[in-house]
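# Observations on the model geometry
For reference, the chains in residue letters:
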There are 2 protein chains.
Amino acid sequence: MKAEFIAVGTELLLGEITDTNGAFISRELARVGVDIYYRSVVGDNRERLLEVLDAALHRADVVILSGGLGPTNDDITKQTVSSYFGLTLEENPEAMANLASYFSSRGRQMPEVNRIQACFPKEAEILKNNNGTAPGMFLQRDGKYVFLLPGPPREFEPMVKESVLPRLSSVTGTQLFTYTVHTFGISESALYEKLRDLIDTQDNPTIALYAEPGQVRIRLAAKAADDGEAKAIFLPTEKEINRRVGKYIYGFGEDLTLSEAVVQKLIEKKLKVATAESCTGGLIGKMITDVPGSSAVYNIGYVTYSNAAKNVELSVSKTTLEKYGAVSQQVAEEMAYHLKKKTKAHIAVVSTGIAGPDGGTAEKPVGLVYVAVATHDGVKVEKLNLSGNRDRVRTLAAKHALWMVLSEARAYISE
Amino acid sequence: MKAEFIAVGTELLLGEITDTNGAFISRELARVGVDIYYRSVVGDNRERLLEVLDAALHRADVVILSGGLGPTNDDITKQTVSSYFGLTLEENPEAMANLASYFSSRGRQMPEVNRIQACFPKEAEILKNNNGTAPGMFLQRDGKYVFLLPGPPREFEPMVKESVLPRLSSVTGTQLFTYTVHTFGISESALYEKLRDLIDTQDNPTIALYAEPGQVRIRLAAKAADDGEAKAIFLPTEKEINRRVGKYIYGFGEDLTLSEAVVQKLIEKKLKVATAESCTGGLIGKMITDVPGSSAVYNIGYVTYSNAAKNVELSVSKTTLEKYGAVSQQVAEEMAYHLKKKTKAHIAVVSTGIAGPDGGTAEKPVGLVYVAVATHDGVKVEKLNLSGNRDRVRTLAAKHALWMVLSEARAYISE
């Protein structure tokens, strides 16, 4: 079963807002075995909407439109789709009662313009919207399924789950399951080289790579009757991936961030982490505390942005700072060593580097970052040569620091 | 002049990532007088890409594609577009040299698969990519302009500005100038009420509002022959906006962040800021140090996530912590007072709150945050009742803290 999605709205076309409904509907439809091969964005314009609708209805079994169901003159989706099928709009008494009660329950008078939102072709099914004034509409015509949904994501998303998925899964009877392996520290192309044969030949599960800064997700997708069957399909592939690239894997599961993996492992091992940041300026702390419950593993952090702060707060010696410079292996080592000593955390993690765009030299270019961890086992430093803008350098440095914390936490054996 | 945009990528079509390039290109093309009437998303599939490309070339003068320029077998955009025009790919020596040096400068061996990224039709112009391995491509054929750009926004966006806009504006000869007034602490609807008559009636410059968490941008857009004329068109509107909502304005200029406004003002006034963060966990420090040159105004910050850290590092009394709790006006006050005293910064800023999703009570619900600043003039605390998820609560709290720093810096008179 094939579907198309059309986002309607001049504000989308002008780039004033970004369409997120398209990505959402794609993910949700995949779960019930419906594939989307095309998505479009078109303005609130009758002729252009008709053209896109016509093309979609020729290619697909299901067409889902979002937006243009509001009360103003700009909003023409319902009128245009109805007229495409030769249907006329009539005021629906039940929809009108719902609309009136929506306003009265909020202590507001219903503006006259909203009346159009209660008008539908009598051939259509009205889809309830619990989060706004515009009901959706479902039409079965000429063997095609057409859904009209409101544009705002907080109205659109629940309606997809409540009104679209049940109707489609009852037709397809299939479900797609996904499973994600999260990696850090290996590039997409290097990962591709290592998994190429699996990626290119397997079709249940399929394997795909998705890169973001420093991280690549390996996504497995399987068609299966139920969760148990899906797990059985994933298992051999998961094992093979683990065998080949296990040392880069930080976790498994749909939306697991590196921060979450770190905090979970620290909780599991009952360890505390402390931070001292120079070039990352608080980002490592921010990432740790992105995770609810991180207060169990994180008490204290420092942003030692100046040399003086490194000396006063972390006892990095002035001699070391002068001799090697703030961005050096020696300073990173001293920061980590003294941070651990001062805070008594099990793992102390620090950063010092040149995030750019200025401040680089031939010897110490922008992107040079030292990250270090100290445990009761001693201090480890890594020298990173990162590329990209300031934001990217800082993000990669902070993630690398978290990765080192995770490695230490995994290997941690109490004194 | 009409353009279409095609985002290519199965990961987009599956909803794994959200296309933001579409909204970006729409905004940017508007500046040079080029309108987009259709945008599409299509997978890495030759037949479907050809179909969408063909439809676009029949409707538009300019077609811009993003994605599918990577090194793997999935990436077929360049091959498909070239074959549509009957052109063949050849290895380009200059592109190959650039690619090789990209890898060698990062101390990495070029994987063999990347070689395809240096292959282009000899009829095409190669567009430089300073942020990745995939160069773009520009083709002028049959009176149409076709641009191929890489998919990742950090590569795509600079290439639009460097390679697409100059080529198109030289053809259209028109330019749209924009000017942005940045506000904090007033909602989009409240701002709309105050500026309604201007927004609804003016057409050169037009006025539009764009909301993001805590902030609203007021964007003026003018058609003008040159920069000087544009400035003259903007001036009366800018003055009127300033008169009506001046107290919410943190700055002027295209991409000015609140952090940048804060750092600029601190530099101008030769002031230092120090941070101590509880619920924001390093985010305020991160935001300050997002700005290049922030080391001139920021030496030291603390993440005092536990009560013990607030007591040990910031001398918040145990009695206060026990009596009022960590999330209280009293603790925020003591944190700010002692932070200023300890660091000798001109402005000390702190946060303490409940970011959620857990930890709220009837008395102290999720979203309750105290932010405080201390200067030689004393301590000011603000109590915030923020709504939204953990990320939003923390972001709003950190921005509010920065806004307080900006207010103090503006009003600062030396002792």
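Computed from a prediction, not measured in an experiment: that's the story for all the values here. Here, residues in each chain are numbered from 1, in the same order as that chain's written sequence. Both sets of labels track the order of writing: A upward for chains, 1 upward for ligands. Under the rules for a predicted model, residues below a pLDDT of 70 receive no local features and side-chain atom pairs below 80 are neither given nor counted, while totals for whole chains, interfaces and linings still include all residues. Hydrogen atoms and water are omitted, and side-chain values are computed over all heavy atoms in the structure.

### Some thoughts on empty space enclosed by the protein
Any empty space left between the atoms is revealed when a probe the size of a water molecule rolls over them. The way it works is a 1 Å grid over only the protein atoms, where trapped points that fit a 1.4 Å probe form a cavity and open points with protein on both sides within 12 Å along at least five of seven lines form a pocket, and then any residue with an atom within 4 Å of a point lines it. Grid points are joined across faces, edges and corners, and a volume is the space filled by probe spheres set on the points. The final tally for this structure, using the stated rule, is 3 cavities of 30 Å³ or more. Looking at the largest cavity, its volume works out to about 140 Å³. Lining the largest cavity are 16 residues, and of these Asp19 and Val41 of chain A together with Asp19, Arg39 and Val41 of chain B lie nearest its centre. In this count, Pro and Cys sit with the nonpolar residues alongside Ala, Val, Leu, Ile, Met, Phe, Trp and Tyr, while Asp, Glu, Lys and Arg are called charged and the others, Gly among them, polar. Here the lining of the largest cavity is built from residues that sort into 7 nonpolar, 5 polar and 4 charged. Counted as a void, the second largest cavity has a volume near 40 Å³. Lining the second largest cavity are Gly68, Leu69, Gly70, Asp75, Lys78, Gln79, Ile116 and Gln117 of chain A. Within the lining of the second largest cavity, the residues separate by chemical class into 2 nonpolar, 4 polar and 2 charged.

### Here we look at the packing of helix α11 (residues 307-314) of chain A against helix α13 (residues 329-343) of chain A
Two quantities define a packed helix pair, namely the angle between the helix axes and the distance between the axes. Residues and elements named next belong to chain A. Interaxial distance between α11 and α13 falls to 10 Å at its minimum, and their mutual angle equals 35°. Crossing handedness for the pair α11 and α13: left-handed. Contact with α11, carried on its side by Lys310, Glu313 and Leu314, involves Val331, Glu334, Met335, His338, Leu339 and Lys342 of α13 and no other residues of that element. For helices, the fitted line uses only the C-alpha atoms of the stretch in contact; every axis is such a line through C-alpha atoms, and the angle between N-to-C directions lies from 0 to 180 degrees. Secondary structure follows DSSP: runs of H or I at least 4 residues long count as helices, runs of E at least 2 residues long count as strands, and numbering of each begins at the N terminus. Crossing handedness: left-handed means the near helix sits turned counterclockwise from the far one by under a right angle, and right-handed means the same turn made clockwise. By the convention used here, residues are in contact when the closest approach between their heavy atoms is within 4.5 Å.

### With respect to the domain arrangement of chain A
Domain limits in this description derive from either an automatic procedure or a database domain assignment. Partitioning chain A into structural domains gives domain 1 (2-172), domain 2 (175-252) and domain 3 (258-411). Put simply, the middle of domain 1 of chain A and the middle of domain 2 of chain A, counted by C-alpha atoms, are 35 Å apart.

### Side note on the pattern of salt bridges
Residue and element names in this part refer to chain A. Salt bridges are identified by distance alone: a Lys or Arg side-chain nitrogen within 4 Å of an Asp or Glu carboxyl oxygen. Tallying each qualifying case throughout the model produces 40 salt bridges over all chains. Across the pair Arg244 and Asp197 runs a salt bridge whose closest N-O atoms are separated by 2.8 Å. Taken together, the residues Arg244 in helix α8 (residues 227-245) and Asp197 in helix α7 (residues 188-201) connect sequence positions 47 residues apart. The cut-offs for exposure are 20% and 50% of the maximum accessible area for each residue type, with area from a 1.4 Å probe on protein chains only; residues under the lower value are buried, those over the upper are exposed, and the others partly exposed. Relative accessible area serves as the criterion here: at 26%, Arg244 is assigned to the partly exposed category. The exposure class assigned to Asp197 is partly exposed, which follows from its relative accessible area of 41%. A salt bridge links Asp227 to Lys231, with the nearest nitrogen and oxygen atoms 3.6 Å apart. Taken together, the positions of Asp227 and Lys231, both in helix α8 and 4 residues apart, correspond to about one turn of that helix. For Asp227, a relative accessible area of 43% corresponds to the partly exposed category.

### A few points about the environment of Asp290 of chain B
Within the element layout of this structure, Asp290 of chain B appears in the loop between α10 (283-289) and β14 (298-304). With 27 residues separating them in the primary sequence, Asp290 of chain B and Val263 of chain B have C-alpha atoms 9.9 Å apart. The residues touching Asp290 of chain B, leaving out its near neighbours within four places in the chain, are Arg390 and Arg394 of chain A.

### Details of unusual backbone geometry
Omega for the peptide link from Asn204 of chain A to Pro205 of chain A comes to 5°, which places this bond in the cis form. Checked against the element boundaries, Pro205 of chain A lands in the loop between α7 and β10 (206-212). Positive phi outside glycine occurs at Asp142 of chain A, with the angle close to 50°. Note that Asp142 of chain A resides in the loop between β7 (136-141) and β8 (144-149). We classify Asp142 of chain A as exposed; its relative accessible area is 68%. The backbone of Ser315 of chain B sits at a positive phi, close to 55°, despite the residue not being glycine. Among the secondary structure elements, Ser315 of chain B is positioned in the loop between α11 (307-314) and α12 (318-324). Classification of Ser315 of chain B by relative accessible area gives partly exposed; the value is 42%.

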